[in-house]
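Report on the structure
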Amino acid sequence: MSGAAVLVLPSPEAVRRTLAARSAEAEKLAVRAYSQTLEPRFPHGMALTAVGGFGRQELFPYAEVELALLFESASRREPAREAVSAFLEALRDSGLRPHHSIHTVAECVAEGEDNAELTVGLLDRRFLAGEPAVFQDLNQRFDASLARRAGAVARQLAGLSEARHARFQNTIYHLEPNLQDTPGGLRDLQTVRWLAALDPKAPVRDLSAAFDFLAALRIRLNELAGRDQNVLDFAAQEALSEHPAALMRDYYRHARLVHRTVKMALEAVAETPGTLIGRFHEWRSRLSTSQFTVSRDRVWLREPNRMPQGLSLFEFVTRHRLRLAPDTVERLAGFAPETHWDEWKRLLSLPRPSFGLRAMQEAGTLTAVLPAWRNIDCLVVPDFYHRYTVDEHTLIAIASLETIADTRLAGLLEETTDLALVRFALLLHDIGKGSGVEHSRESERISRMVMERLGAPEADRATVEFLVRHHLDLSSVMTSRDLDDGSTARMLAEGLGTVERLKQLAVMTYADISAVNPQAMTPWRLEQLWRVYLLAYDELTRELHTVRIHDAAGVAPEKAAFLEGLPTRYTRAHTQAEIDAHFAMARMLEFQPVAMEIQFERGLYRLTLLTRDHPALFASIAGAISSFGLNIVNAEAFSNAQGVVVDTFTFSDPHRTLELNAMETDRLRATVRRVVAGSEDAGALLEGRPRPFLPSRAAGMEPLVAFNNEASETATLIEIVAADRPGLLYDLARTLSSAGCDIEVVLIDTEAHKALDVFYVTAGGQKLSGELEGRLKTDLLAACA
């Protein structure tokens, strides 16, 4: 135990004396009661046996006394029922709490799943009283049976353990653990002993220090409660130590070792050569690389003295959903690799990054690469709503995103841009807890330092810091605001700023609530979260076009003139550095008709273009980009009061056209300039381009076109959801322009082969008429097809 906690635990010698003394006292009382009630009437064919903790002579204060009454035959058992009742009554009168079972010897050695708990209990049997021959008969037959079916018994024991672990969500990090049954507790420690007894060749890890600590803690807890109390609740933590947080860190350190050991033992049982899972793991060994060896779904370092670079090991673990071998965990002790933001983004962009993060936690690497993680490692914050330590809550939250597909928020997850940022925000959202100050603000401060050290771009830093600072906003509104009050929606929209951040915060809120405890995300809460999302979404899209910048304060007059008339969303969707760059490009329009920039970052290209607005401009640019076989995944178009448009297109290069041909980027610029000038037709450029097959999930998607005249005071909002394809954005924008519509604001997003397009349009400076909407819907659906 560390020196921080002042709790004085019994020494290992004192623990053993206490357990032995209680066992001896219980044995004396049990033998006396047997001799007074059962032995006089049934001197033959019956034996009294101690099992479980009593059989091991590890009887804790106030614990139940486990007994098995053995009969040589069923005919002996029936007449003894009345006398057995008297025997149990005598035990209770003497102050014992008996937990008994009655069996024949034949029943004790019967095979089958129904007999699993009895078989496990008899592994620690000890003769107390009665006819020794009955007990000897059991010994011989039980040992012979066990020799034949040790493997089956081990699998039964593994099944019981895994069911118990599942009741505690397979984690040791409960705020109020049960010292006996929680994973990593005394039951797991004994399971390791039983499995070792069933397979003497199995390696055995010394858990004596863990037993001494857990047993001493249980003894003190029992003495404090004056009964068989095994739950180390908040009140007990306060009563047992002046520094309960330090006490609990000691507990988790020992429980972690026990849990790791029992998991290894249980996996060894499941991976017996020749079993289905054993053959599967043999097949999985083919995942081995020049750096890592995979054996029985565990990862070993191929060169033990050569540490892996950066996060490569944990990315490998994540990709293949593996675990680290114990030897690997030990070799990584103290290992602090240099990491960069790109590595974190790559790891957190994988489908199930919780595997890699768990491995980093197990090896101590998470604390090494993120020193601030030490603040929340095994941190208990007393809270009757939360169930887990802060670090465990964090990891469960990240894993919870993997279950969102089973809820109505599944589509929202697909629409969320840059999910890696949401996951990194979850990793840091509670890292300021335990600091003594408001944790959201402290977590934001730490997040800023962490991301600066990792070299994250300004836009990524801003998003993560925003999510960390506001991670409680939606849940707070769910429980403390009237969702039918219009001011609630306006308050949400003002705080969130953009639809993209709303989506990111919504899925983050789902994960955060789901990780509080297994019952936290109830159907009602899920419905409330969805209602809050819809409220904010409607308000954000309503003000997207209507609310515009006027008389910008705190900026130079020229820059204020550039910002005049742009939607307020523009300043929320772009960093200050990007706005400054756009302003510089706008000044270039005094000398040239088009200002354009193409940048490459993290696998995507971004084309930013400023020019004077004119009909079909947006469609022409989209067509020019698509004509190169590039996939537009996001686009924005804004215009200011001077008629200058700021169009941004983000696109991927699936065929590596620009990457492999340096001159192609220049040709793309030239093509865009020509279509903007009207000297080349974007439609002609797209003609004849092959249209690739879409994945089956998108092939059957029916397009949806919806009109909303309530979302904006001056424009009609058109929402389009359709299977994405090359040229879709061009066809949609051209359809709107051909119908005489002016695109005031456009937001395009493409995720998982699904296009989500929002256009704010007017016709003759007014909202669309019902007749025009009818014609447009038909034409837009045709364009989607």
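The following paragraphs examine the structure supplied in this document. Only a predicted model underlies this, so the values are computations on that prediction, with no experimental measurement involved.

Along the backbone of the chain there are 36 helices and 15 strands. In terms of overall dimensions, the chain has a C-alpha envelope of 110 × 55 × 50 Å along the principal axes. Long-range pairs, those at least 24 residues apart, make up 70% of the contacts in the chain with a sequence separation of at least 6. Entry remark: accessible area of the chain is about 34,300 Å², with carbon and sulfur atoms responsible for 51%. Looking at charge distribution, the chain has the averaged site of its 87 positive side-chain charges lying 5 Å from that of its 106 negative ones.

Buried residues dominate strand S1 (residues 46–50), accounting for 5 of its 5 residues. Side chains Met46, Leu48 and Ala50 of S1 all project onto a buried face; the interleaved residues Ala47 and Thr49 project onto the opposite face, where all are buried too. In this structure, S1 lies alongside strand S2 (residues 65–71), joined through 5 bridges in antiparallel fashion. By the bridge assignment for S2, Ala50 is matched with Leu67. Bridge count for S1 against strand S4 (residues 126–130) is 4 bridges, and the pairing is antiparallel. The partner of Thr49 across the bridge, within S4, is Phe127.

So, on to the nonpolar core. By size, the foremost hydrophobic cluster in this structure holds 109 residues, and its most contacted members are Leu313, Leu324, Trp344, Met360, Phe424 and Phe562. If near-sequence neighbours (up to four positions away) are discounted, Phe424 is found in contact with Trp341, Trp344, Leu348, Val450, Met451, Leu454 and Val464. Formed by 85 residues, the second largest nonpolar core is a distinct cluster that contains Leu69, Phe135, Trp194 and Ala216.

The next subject is the pattern of salt bridges. Where charged atoms of side chains with opposite charge meet at close range, the side chains can pair. Under the criterion given, the structure shown has 48 salt bridges. Notably, a salt bridge pairs Glu78 with Arg81, separated by 3.3 Å at the nearest N-O pair. Among the salt bridges present, the one from Arg319 reaches Glu315, with a minimum N-O distance of 2.9 Å. Here the residue Arg319 and the residue Glu315 both occupy positions in helix H13 (residues 312–320), the gap between them amounting to 4 residues, near one helical turn. Classification of Arg319 as partly exposed rests on a relative accessible area of 47%. If you follow the salt bridges from partner to partner, you end up with Arg441, Glu444, Arg448, Glu465 and Arg469 in one network.

So, on to the packing of aromatic side chains. Evaluated as defined, the whole model comprises 15 aromatic pairs. Here the aromatic rings of Trp341 and Phe424 are separated by 4.9 Å at their centres, their planes lie at 85°, and the arrangement is edge-to-face. Residue Trp341 is found in helix H15 (residues 341–348), and its partner Phe424 is found in helix H20 (residues 419–428); the two are separated by 83 residues along the sequence. In this pair, the class of Trp341 matches that of Phe424, namely buried.

Another aspect to go through is the packing of helix H1 (residues 12–37) against helix H4 (residues 81–93). The contact between H1 and H4 brings their axes to 9 Å, and the two run at 145°. In this structure, H1 meets H4 at a crossing whose hand is right-handed. Judged by residue contacts, Leu29, Ala30, Ala33, Tyr34 and Thr37 of H1 engage Ala83, Ala86, Phe87, Ala90 and Leu91 from H4. A class-by-class count of the residues in the contact of H1 with H4 yields 9 nonpolar, 1 polar and no charged.

It is worth spelling out the sheet that holds strand S7 (residues 323–324) at this point. Taking strand neighbours across the sheet as the criterion, the 3 strands line up as S5-S6-S7 in an open arrangement whose pairing is mixed. If you trace the sheet from one side to the other, it starts and ends with strand S5 (292–295) and S7, each paired once. As paired elements, strand S6 (residues 298–301) and S7 share 2 bridges and run parallel to each other. Looking at the pairing, Val299 lines up with Leu324 of S7.

Attention now moves to unusual backbone geometry. Even without being a glycine, Tyr62 presents a positive backbone phi close to 70°. Following the sequence through the fold, Tyr62 ends up in the loop between helix H2 (52–55) and S2. Its identity is not glycine, yet Asn170 carries a phi of approximately 55°, on the positive side. Structurally, Asn170 is set in the loop between helix H7 (132–167) and helix H8 (186–198).

Looking now at the packing of helix H35 (residues 728–738) against helix H36 (residues 770–784). Across the interface, H35 lies against H36 with an axial gap of 9 Å and an inter-helix angle of 160°. Taken together, the axis directions place H35 and H36 in an arrangement best described as roughly antiparallel. For the pair H35 and H36, the crossing hand works out as right-handed. Only Leu776, Asp779, Leu780, Ala783 and Cys784 of H36 make contact with H35, whose side of the interface consists of Leu728, Asp731, Leu732, Thr735 and Leu736. Its residues assigned to classes, the contact of H35 with H36 shows 7 nonpolar, 1 polar and 2 charged.

This part takes up H4. Taking 1.5 Å as the rise per residue, H4 with 13 residues should run 18 Å; its terminal C-alpha atoms sit 19 Å apart, in good agreement. Within H4 the residues assigned to the buried category are Ala83, Val84, Phe87, Leu88 and Leu91. Projected down its long axis, H4 shows its buried positions confined to an angular sector of 140°, all on one face. The exposed residues of H4 that point more than 90 degrees off its buried face are Glu82 and Asp93.

With that settled, the discussion passes to the environment of Phe316. Its place among the elements puts Phe316 in helix H13. For Phe316 and Leu287, which are 29 residues apart along the polypeptide, the C-alpha to C-alpha distance reads 9.6 Å. Setting aside residues no more than four positions away along its own chain, Phe316 makes contact with Leu287, Thr289, Phe292, Val294, Val299 and Leu322.

On to the side chain of Lys503. By the secondary structure assignment, Lys503 is in helix H25 (residues 499–514). Using a relative accessible area of 10% as the deciding quantity, one classes Lys503 as buried.

It is worth spelling out H7 at this point. The end-to-end C-alpha distance of H7, which contains 36 residues, comes to just 40 Å, noticeably less than the 52 Å that a straight helix rising 1.5 Å per residue would cover. For H7, the principal kink sits at Arg149 and spans about 80°. Two residues or fewer after H7 comes Gln169, characterised by a positive phi angle close to 60°.

Reading the values: rules and limits
- Residues numbered from 1 in each chain as written.
- Predicted model: local features only at pLDDT ≥ 70, side-chain atom pairs only at ≥ 80, totals over all residues.
- Heavy atoms only, no water.
- Helix = DSSP H or I, 4+ residues; strand = E, 2+ residues; numbered from the N terminus.
- Contact = heavy atoms within 4.5 Å.
- Areas by Shrake-Rupley, 256 points an atom, 1.4 Å probe, with all protein chains shown as cover.
- Lys, Arg positive; Asp, Glu negative; His and termini not counted.
- Charge placed at Lys NZ, Arg CZ, Asp CG, Glu CD.
- Buried < 20%, exposed > 50% of the residue type's maximum accessible area, 1.4 Å probe, protein only.
- Pairing = 2+ DSSP bridges.
- Core = buried A, V, L, I, M, F, W, Y, C linked by side-chain atoms within 4.5 Å.
- Salt bridge = Lys/Arg side-chain N within 4 Å of Asp/Glu carboxyl O.
- Phe/Tyr/Trp six-rings, centres within 6.5 Å; stacked < 30°, edge-to-face > 60°.
- Axes fitted to C-alpha atoms, helices over the stretch in contact; angles between N-to-C directions.
- Left-handed = near helix turned anticlockwise from the far one by under 90°.
- Nonpolar A, V, L, I, M, F, W, Y, C, P; charged D, E, K, R; others polar.
- Parallel < 35°, antiparallel > 145°, perpendicular 65-115°, else oblique.
- Expected span 1.5 Å × (residues − 1).
- Arc of directions from axis to C-beta.
- Bend = angle between axes of the 7 residues up to and from the residue.

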